[in-house]
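# Close look at the chain arrangement
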Amino acid sequence: MKMKFTLLPLLMVPVIAFFSFTPNFGAGIKGTINPADNAGDVWAIAGNDSTKVTPLQGVFEINDLKAGTYKIVIEGKAPYKDFVKEGVVVKDGEVLDLGKITLSQ
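The present account deals with the structure reproduced in this document.

Each value, and the rule that gives it
Residues numbered from 1 in each chain as written. Predicted model: local features only at pLDDT ≥ 70, side-chain atom pairs only at ≥ 80, totals over all residues. Heavy atoms only, no water. Pairing = 2+ DSSP bridges. Helix = DSSP H or I, 4+ residues; strand = E, 2+ residues; numbered from the N terminus. Axes fitted to C-alpha atoms, helices over the stretch in contact; angles between N-to-C directions. Buried < 20%, exposed > 50% of the residue type's maximum accessible area, 1.4 Å probe, protein only.

## What about the sheet that holds strand E6 (residues 83-90)?
Here four strands make up an open sheet; going across it, the order is E3-E2-E5-E6 and the pairing antiparallel. Among the strands making up the open sheet, the edge pair consists of strand E3 (49-53) and E6. Sheet twist, expressed as the mean angle between neighbouring strand axes with direction ignored, is 20°. Summarising the sheet, strand E2 (residues 39-46) and E3 pair through five bridges and their orientation is antiparallel. The residue of E3 that forms the bridge with Ala 46 is Asp 49.

Now the structure itself:
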């Protein structure tokens, strides 16, 4: 009988620890690029940190970002120009949808 009461607190420690932490899902940015064939890499830049993804059929999603303000750069392939959007605010735990982005010539 004494053994059961000694093990009970030891078993409760991992259970309490598991429920004590709040998961951090990070933030992200997504969008669609038109024309898809003329889109190069997509960059999210904040200060000295940058993250790059390659869009797939014009669709991109950058995940695991920290909350903050970013500059988004989409490299355009000739004859299209790079697309730059500054001041993109990303909140913790949210994926910001930039919608449809049209590259200009």
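What follows continues from the structure just given.
## Let's talk about unusual backbone geometry
With glycine set apart, most residues show a phi of negative sign, and most peptide bonds adopt trans. Between Asn 34 and the following residue, Pro 35, the backbone shows a cis peptide bond with an omega angle of -5°. With an omega dihedral of 10°, the bond running from Ala 78 to Pro 79 counts as a cis peptide bond. Tracing the backbone shows Pro 79 in the loop between strand E5 (68-76) and E6. Located in the positive-phi region is Gln 57, a residue other than glycine, with phi close to 55°. Secondary-structure assignment places Gln 57 in the loop between E3 and strand E4 (59-65). Residue classification places Gln 57 among the exposed residues on the basis of a relative accessible area of 72%. A positive phi is found at Asp 64, a non-glycine position, where the angle reads about 60°. For Asp 64, the location among the structural elements is in strand E4.

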